[in-house]
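Residues per chain, in single letters:
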Amino acid sequence: LGLDGVSTLHARAEEAGHNPILREQFDYATARAVASLDVLCELCLPFVTPGGAFLAMKGRDCGGELQNAAPAIRELGGELERCWDYAIPGTDVIHRVVVIRKTAPTPGRYPRRWAKIQKNSLSSHNRS
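Residues numbered from 1 in each chain as written. Predicted model: local features only at pLDDT ≥ 70, side-chain atom pairs only at ≥ 80, totals over all residues. Heavy atoms only, no water.

Peer 1: Teacher, can you tell me more about the nonpolar core here?
Peer 2: One recurring pattern in soluble globular proteins: nonpolar side chains tend to sit buried together. Grouped together as the largest cluster of nonpolar side chains are 27 residues, with contacts concentrated most on Leu37, Cys41, Cys44, Phe54, Val98 and Ile100. Per element, the largest residue contribution to this core is six residues, and it comes from helix H2 (residues 37–44). Val98 has contacts with Leu37, Phe54, Leu55, Ala56, Lys58, Cys62, Leu66, Leu80, Arg82 and Cys83, leaving out every residue within four places of it along the chain. (Core = buried A, V, L, I, M, F, W, Y, C linked by side-chain atoms within 4.5 Å. Buried < 20%, exposed > 50% of the residue type's maximum accessible area, 1.4 Å probe, protein only. Helix = DSSP H or I, 4+ residues; strand = E, 2+ residues; numbered from the N terminus. Contact = heavy atoms within 4.5 Å.)

Peer 1: Explain the state of the cysteines to me, please; I cannot follow it from the model alone.
Peer 2: Each disulfide consists of a covalent bond between the sulfur atoms of two cysteine residues. As enumerated under the stated definition, the model contains zero disulfides in all. Not part of a disulfide, Cys62 finds its nearest cysteine sulfur in Cys83, a span of 5.3 Å. Looking at Cys62, the relative accessible area reads 3%, which means it is buried. (Disulfide = S-S within 2.5 Å.)

Peer 1: What exactly am I supposed to notice about unusual backbone geometry here?
Peer 2: Only a minority of non-glycine residues have a phi that is not negative, and only a minority of peptide bonds are not trans. A cis geometry characterises the amide bond from Tyr110 onward to Pro111, with omega recorded as 0 degrees. For Pro111, the position within the fold is in the loop between strand S4 (94–102) and helix H4 (114–119). Phi is positive for Glu24, which is not a glycine, with a value near 50 degrees. Positionally, Glu24 belongs in the loop between helix H1 (13–16) and strand S1 (26–31).

Just geometry here; none of it tells us what the structure is for.
Now the structure itself:
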């Protein structure tokens, strides 16, 4: 991409998320649409420094998912900043980037262990 002063870390968030050296050390974190937004936020926002952002790749029809994840996003120190759609080059496929701005430190109890997240996501946890 021709970027200067950039370093990257490619890792599975559910494995790297409990490493205290990585906590709140990154300006940005990204994830593909591999889980619901509340789960992605719990896994990724702990890596992001306050002022940074989490970029979640989601489908264009993610409005309900955004609404469902709103309490979890707040609990994790984030706030929805914006969404934008983009086309996959060379195709007619449109995807959406959801930008979650990190406005406060993530409480130390997050992320929870992967098995606990899978059993009881923050969205379902906040409803009970």
